[in-house]
Amino acid sequence: MIIDLRSDTVTRPTAGMKEAMFSAPVGDDVFGEDPTVNALEEKVAKLFGMEAAMFCPSGTMTNQIAIRLHTRIQTEVICHKYSHIYLYEGGGIMSNSLASVKLLEGDLGKITADQVKAAINPDDVHAPETTLVSLENTMNKGGGSIYTLDEIIPIRKICDENGLKLHLDGARLFNALAESGESPAAWGAQFDTISICLSKGLGCPVGSLLLGSKADIKRARKVRKSWGGGMRQAGFLAAAGIYALDNHVLRLTEDHARARALGEMLLKLSFVSEVFPVATNIVIARLEGISPEEFLKILAEKEIKAVKFGPDLVRFVTHLDFGDGELEEFGKRVGKI
Ligand SMILES: *Cc1c(COP(=O)(O)O)cnc(C)c1O
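It should be emphasised that the depicted structure is a prediction, and the values quoted were computed from it without experimental measurement.

The next point concerns the pattern of salt bridges. For the structure shown, the criterion picks out 24 salt bridges. With a closest N to O distance of 2.8 Å, R72 and E129 form a salt bridge. Of this pair, R72 sits in the loop between α3 (59-70) and β3 (75-80) while E129 sits in strand β5 (residues 129-136), and the two are 57 residues apart along the sequence. Take E129: its relative accessible area is 44%, and that puts it in the partly exposed class. For K110, the salt bridge goes to E151, with nearest N and O atoms at 2.8 Å. Taken as a pair, K110 in the loop between β4 (100-104) and α6 (113-119) and E151 in helix α7 (residues 149-161) lie far apart in primary sequence, 41 residues in all. The class of E151 is partly exposed, set by a relative accessible area of 29%. Salt bridges sharing common partners tie together R251, E254, D255, R258 and D324.

Strand order in the open sheet formed by seven strands is β2-β8-β7-β6-β5-β3-β4, with mixed pairing between adjacent strands. The two strands at the open ends of the sheet, each matched to only one other strand, are β2 (52-56) and β4. Within the sheet, the average angular offset between the axes of one strand and its neighbour, ignoring direction, is 20°. Bridging between β3 and β4 involves five bridges; their strand directions are parallel. Bridge pairing in β4 links E76 to S100. Here helix α2 (residues 35-47) sits on the sheet in contact with β2, β7 (193-197) and β8 (208-212), set at roughly 130° to β2. Packed onto the sheet, helix α10 (residues 214-226) meets β2, β7 and β8 and runs at close to 20° relative to β2.

What follows deals with the UniProt feature "modified residue: N6-(pyridoxal phosphate)lysine" (unreviewed entry) in the protein. UniProt tags K200 as "modified residue: N6-(pyridoxal phosphate)lysine" (unreviewed entry). With respect to the helices and strands, K200 occurs in the loop between β7 and β8. Not counting chain neighbours up to four residues away, the residues in contact with K200 comprise D8, T9, A171 and R172.

In this section: the pairing of strand β9 (residues 272-275). Inspection of the sheet shows β9 paired to strand β10 (residues 282-287) by three bridges, in the antiparallel sense. Of the residues in β10, the one forming a bridge with V275 is A285. Here β9 hands over to β10 after six residues, the two strands then running antiparallel side by side.

Let us look at the site of the ligand. The full set of residues close to the ligand is S58, G59, T60, N63, H84, E89, E136, N140, D169, A171, R172 and K200. Residue R172 places a side-chain N or O atom 2.9 Å away from an oxygen atom belonging to the ligand. Top contributing element to the shell around the ligand by residue count: α3, with three residues. Class assignment for the residues of the shell around the ligand results in one nonpolar, six polar and five charged.

For the rest of this paragraph, the subject is the pairing of β7. Among the five residues of β7, five are classified as buried, and the element is accordingly described as predominantly covered. Residue alternation in β7 divides its side chains into two sets, T193, S195 and C197 and I194 and I196, and both sets are buried. For strand β6 (residues 165-170) and β7, the ladder comprises four bridges, and the chain directions are parallel. Looking at β7, one finds that H167 is bridged to T193. Inspection of the sheet shows β7 paired to β8 by four bridges, in the antiparallel sense. Paired with S195 across the bridge in β8 is L210.

A separate point is unusual backbone geometry. For the bond running from N137 to T138, omega is 0°, close enough to zero to count as cis. Checked against the element boundaries, T138 lands in the loop between β5 and α7. Even without glycine at this site, Q74 takes up a positive phi of about 70°. Along the chain, the position of Q74 falls in the loop between α3 and β3. The phi torsion at L98 lies on the positive side, around 55°, for a residue other than glycine. Examined against the element boundaries, L98 turns out to sit in the loop between α5 (92-97) and β4. For L98, a relative accessible area of 53% gives the class exposed.

Right, let's talk about the UniProt feature "domain: Aromatic amino acid beta-eliminating lyase/threonine aldolase" (unreviewed entry) in the protein for a bit. Mapped onto this numbering, the UniProt entry annotates "domain: Aromatic amino acid beta-eliminating lyase/threonine aldolase" (unreviewed entry) at residues 4-286. Secondary structure across residues 4-286 divides into 42% helix and 18% strand, with the first and last C-alpha atoms of the span separated by 19 Å.

Each value, and the rule that gives it
One numbering rule holds for all chains: residues counted from 1, following each sequence as written. Local features in a predicted model are, by the rule used here, given only for residues with pLDDT of at least 70; side-chain atom pairs are given and counted only at 80 or more, and totals for whole chains, interfaces and linings are based on all residues. To get the side-chain values, take all heavy atoms of the structure and skip hydrogens and water. Whenever Lys or Arg places a side-chain nitrogen within 4 Å of a carboxyl oxygen from Asp or Glu, that contact is recorded as a salt bridge. Under the scheme used here, helices are H or I runs from DSSP no shorter than 4 residues and strands are E runs no shorter than 2 residues, and both carry numbers assigned from the N terminus. Here's how the labels work: a residue is buried when its accessible area is under 20% of the maximum for its type, exposed when over 50%, partly exposed in between, all with a 1.4 Å probe on protein chains only. Only strands that DSSP links by at least two bridges are regarded as paired with each other. Between N-to-C directions, angles span 0 to 180 degrees; the directions come from axes that are lines fitted to C-alpha atoms, helices contributing only their stretch in contact. In this description, contact between two residues means that some pair of their heavy atoms is separated by no more than 4.5 Å. UniProt positions are given in the numbering used here, feature names are shortened, and annotations may be inferred rather than shown by experiment. Any residue with a non-hydrogen atom lying within 4 Å of a molecule or strand is treated as near it. Any pair of nitrogen or oxygen atoms within 3.5 Å is treated as a polar contact; in protein, a donor-acceptor pairing is required on top of that, and neighbouring residues in sequence qualify only through side-chain atoms on both sides. Each residue is assigned to one class: nonpolar for Ala, Val, Leu, Ile, Met, Phe, Trp, Tyr, Cys and Pro, charged for Asp, Glu, Lys and Arg, and polar for all the others, Gly among them.

Here is the structure:
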C-alpha cells in the first residue's frame, strides 16, 4: 500500500461523490444554464454571506482573476513572501495583471496590520500604486497555520482607510474554520473576494470558487472566459462540490488530529530537528544532517510519498484517503527508520 502524503489533492472521489456527480442535472454553463453549477455557486455565496460566486477549474484561476479585478498595470499587491499567489502561480501576477508585488516577512507565513500599513506606497511618481492586500488561510508554507478574525479585522481597517481591496486565498479556509470555530459568513464580511478550493481537503476531483460582490463576479466571468476557463456541462464537477460541502467539512478535524499524530512520529526521528506547529492538516519537518532528497528516498523505499518544501524541509499533508489504518501503517514504517 502506497501512502501518499504529498498533498491533500491526491484523493479519489468516494462512491457517494461519484454517484452525486453522475446523476447531476447539467446544462451549458457558458450560457448560465447548468443548474448544478448555479446551485453550487448559490450555496457557497449564501454560506459566506457574499453576493455571488463563480465556479472555476482551479484555485490558481480564482486567485489570479481576483488579482486582475483588484489591480491595474503599474499597481502593487501586498502579500507574505511565502504566498501561493507569488510562489506557486507561475508568476501570474506579472503575466496576467502586469502588477508588482511587495513581499512581507512574518512568522508562519502571516502578516500584521502594522506591516501592511507600513508597506503601502506613498503617492509618489517613483512608486507603483498599492491597490490590493492578499492573505492566505490556512497558510500552506506556514505549515497550515491559521489566521483568526481578530487578526483580520485590523487589516481590513487599514485597507478601508487607504482604499485598498482585500483578497483571501482560502484554498484551505475550511480547515482553518474547522479549528477556530469561526463562521464562513464572518469571514465573508471581511473580504472583497475569497477563493476557496474544493479539490484540497474537501476531496473533489476539480474545482474552486471565487466569491465577491455581484459586480466583481460579473467582471470575473468575463476574465474567466478570456482565459479559457468557461466550461460547459460543468455540473458533473459542481455536483462533487455540493456533495463535499454536505459531507466532507465536519470530518476535516480528523485530518488535523492525524496530522498532529504524524508530526509526533516524525519528531522521534533523530534527523528531524523541528516540526512546525501542526495547526491543521499540514506537517512540515525540518531536517538536520540529511537532505530532503535523501529522506524522501528512504520514505519512497517504504512506499511513503511526501514533498521537498525548502532546502531542509519536507511536507506531509493528511487527507480524506489517509485514515486511521494508514496512520498506523505510517507509524510502523517510519518507526523502522
Ligand atoms: C492549492 C492551492 C491553491 C490553488 O491551487 P490549484 O492547484 O491551482 O487549484 C491556491 N492557494 C493555496 C494556498 C493552495 O494550497
